[in-house]
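# Architecture at a glance
Chain by chain, the residues run as shown.
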Amino acid sequence: MCQDKSNDNTASSKWTVHDTCQNCSLLPTLGVTLFLGWNAILFFIMIYSVFVASKRERVFILALCLLSLVLPPRWPGPIGRQIGWWMIAQSEKYFGLKTIVEDEQALLKVSEGNRGAIYAMEPHDVLPFAAFSFNPIINRIPGGRNICFMVSSSVFRVPFLRQVYSWAGSLPVDKETFLSRLSAGKAVAFVPGGVHECFLLDPKKPRDLVLYLRNRKGFIKLALQTGSPIVPVFSFHVKGSYTYYWQPRGRLLEAWSRWAGYIPLLFFGRWNIPLFIPRANKLTVVIGRPIHIPKEGSHVSRDIVDKYHEMFLKEMEALFERHKKIEGYGDTHVKIV
C-alpha cells in the first residue's frame, strides 16, 4: 500500500513520511536508464568502437564524444532541464521512493532563515544513486527549492555524463562551489564518505556497514565558516542494488581513485548487465534533524571542528539506529572508520 504524505504514528508523531508506489515498467526503466545507465552505454560503445565499428563509424563516435565535451554541461538549456525533470520523476517511480523527515518544522525554519544547510548522505555504496531524492522537482526536502546535489568532478569530464548529471541538477563537489552556495543561502547535499567507501565494501561481511567518515572534516569547517546547519541523511536499501565479484586493492589505487573520483570496479546491475542501472530495490531515504552550527567566520579552530565533527558522527549513527529495524536492517551494524 502506498501513501502520499502522512505522519508515521508507529515511530514518532513528528516524522513526516512520503511514500511512492513502485513502478518498474517500461517508462520508469527507460527514465532510469537515461539517468544511470550511461556507464554501461559508454562501455558498450567503447567495445563496439574497438572491435566492430568501421573507420567511418569510429570517427563519428569520436566526434560525438568531443562535441559533448565542448558543449556546455547544461546544453541544450530548457530542453535539458525538462529531460532531467522527467528522469528524476521516473526514478522516483522506479525505486518507489520513500522519504522520512524527522523534523520538518526545523528544516523549514532553516530555509526561512536564508541559511544554506549541508545535507550529508550516507552510504556511498557502489554508486550513490539515492542522490536523486534531493532534486527539487519531486519536493521531498522541506524548504529545499534551492538544494543541489554535488557529485565528483570527474563526472563532468566524461562525455554525455556531464550533460545528463547537469540536467539532473548536479554540480561538481569542490570547496569553491560549496562556499559560494552556502554564502548565498543555498543548500547543498553530498556523500562525505565518497568513493573511498567502495574500497570498504566486503560481501563476506554482509552485516557490517562501513562508513568512511572519521577523517572527513572539511565540510565541518565550511559549515563553521558560514554558520550552515548540517543535516545527517541515511539511504536504506541501496546495498544489494549492484553485485560485484572483484574489488581493486592497494594504496596506490586508493590514492589514484581519490584524485580521479572513481575506482575501476566492475559491477552488475539489473538483469546482471555490467555497469547497468541498479536493481529496483524500494528505496528509503531518512532525513535527520539539523545540527545547528555557530558561524565562526574565517578563523575556525581545530578543536571546534573536532567537536562538531564528533557530534555529526554520533547523530549519523543514531539516525541509522532509530530506523534500522523498521527498514529490515536489524542485524546490521554501522562501523565508522
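First, a word on what this report is: a plain description of the structure on this page. Sequence positions are assigned chain by chain, starting from 1 and proceeding in written order. At least 70 in pLDDT is required for a residue's local features to be given in this predicted model, at least 80 for side-chain atom pairs to be given and counted, and no such filter applies to totals for whole chains, interfaces and linings, which use all residues. Only hydrogens and water are removed before side-chain values are computed, so all heavy atoms of the structure are retained for them.

## With respect to helix 10 (residues 302-323)
By definition, any uninterrupted DSSP run of H or I lasting at least four residues is a helix, any uninterrupted run of E lasting at least two residues is a strand, and each is numbered from the N terminus. In this scheme, a helix's expected span is set at 1.5 Å multiplied by one less than its residue total. When the terminal C-alpha atoms of helix 10 are compared, their 32 Å separation across 22 residues agrees well with the 32 Å that a helix rising 1.5 Å per residue should span. Each residue is placed in one exposure class: buried if its accessible area under a 1.4 Å probe, protein chains only, is under 20% of its type's maximum, exposed if it is over 50%, and partly exposed if it falls in between. Within the sequence span of helix 10, burial applies to Ile 304, Val 305, Tyr 308, His 309, Phe 312, Leu 313, Met 316, Leu 319, Phe 320 and His 323.

## Points about the nonpolar core
Only buried Ala, Val, Leu, Ile, Met, Phe, Trp, Tyr and Cys residues count toward a nonpolar core, and they belong to the same one when joined by side-chain atoms within 4.5 Å. Counting 56 residues, the largest nonpolar core has Phe 35, Tyr 119, Phe 134, Leu 283 and Ile 287 as the members making the most contacts within it. Residue contributions to this core peak at four residues, all from helix 6 (residues 161-167). Residues in contact with Phe 35, not counting those within four places in the same chain, are Met 87, Ile 88, Ser 91, Phe 132, Val 164, Tyr 165 and Ala 168. Grouped together as the second largest cluster of nonpolar side chains are 36 residues, Trp 15, Ile 220, Ile 304 and Val 334 included. In what follows, a contact means two residues having at least one pair of non-hydrogen atoms within 4.5 Å.

## Examining unusual backbone geometry
Residues Trp 75 and Pro 76 are joined by a peptide bond in cis, for which omega reads 5 degrees. Tracing the backbone through its elements, the reader meets Pro 76 in the loop between helix 3 (55-70) and helix 4 (78-94). Following Glu 122, the chain continues to Pro 123 via a peptide bond in cis, the omega torsion being -5 degrees. Here Pro 123 shows up in the loop between strand 4 (118-122) and strand 5 (148-151). The backbone of Trp 271 sits at a positive phi, close to 60 degrees, despite the residue not being glycine. Examined against the element boundaries, Trp 271 turns out to sit in the loop between strand 11 (267-268) and strand 12 (284-287). Exposure remark for Trp 271: the relative accessible area of 55% places this residue in the exposed category. Even without being glycine, Asn 272 reaches a positive phi, approximately 60 degrees. By the element assignment, Asn 272 lies in the loop between strand 11 and strand 12. Judged by its relative accessible area of 48%, Asn 272 is partly exposed.

## Some details on the packing of helix 1 (residues 26-36) against helix 2 (residues 38-51)
Orientation is described by lines fitted to C-alpha atoms, with helices fitted over the stretch in contact, and by angles between N-to-C directions that extend from 0 to 180 degrees. Running from N to C, helix 1 and helix 2 cross one another at 70 degrees; their axes reach a closest spacing of 6 Å. With respect to their mutual orientation, helix 1 and helix 2 come out roughly perpendicular. Where helix 1 abuts helix 2, its residues Thr 33, Leu 34, Phe 35 and Leu 36 lie against Trp 38, Asn 39 and Ile 41. Any residue outside Ala, Val, Leu, Ile, Met, Phe, Trp, Tyr, Cys, Pro, Asp, Glu, Lys and Arg is labelled polar, Gly included; the first ten of those are nonpolar and the last four are charged. Among the residues forming the contact of helix 1 with helix 2, the class breakdown is five nonpolar, two polar and no charged. Just so you know how the angles are binned, under 35 degrees is roughly parallel, over 145 roughly antiparallel, 65 to 115 roughly perpendicular, and the rest oblique.

## Observations regarding a nonpolar patch on the surface
Each patch is built from residues that are more than 30% exposed by relative accessible area and take part in no salt bridge. Like charges join if they lie within 9 Å; nonpolar side chains (Val, Leu, Ile, Met, Phe, Trp, Tyr) join within 5 Å. Computed with a 1.4 Å probe, the accessible areas rest on the Shrake-Rupley method; for each residue, only the protein chains presented here act as cover. Salt bridge, as used here, is a side-chain nitrogen of Lys or Arg placed within 4 Å of a carboxyl oxygen of Asp or Glu. Among the surface-exposed residues, Met 46, Ile 47, Tyr 48, Val 50, Phe 51 and Val 52 lie close enough to one another that they form a single nonpolar patch of about 600 Å² accessible area. Mapped onto the fold, Phe 51 is located in helix 2. The class for Phe 51 is exposed, based on a relative accessible area of 64%.

## Points about helix 4
For helix 4, with 17 residues, the first-to-last C-alpha span of 24 Å sits near the 24 Å given by 1.5 Å per residue. Restricting attention to buried positions, one finds in helix 4 the residues Gly 80, Gly 84, Met 87, Ile 88, Gln 90, Ser 91, Glu 92 and Tyr 94. Against the buried residues of helix 4 lie helix 1 and helix 6. Gly 96 lies just past helix 4 and shows a positive phi near 50 degrees.

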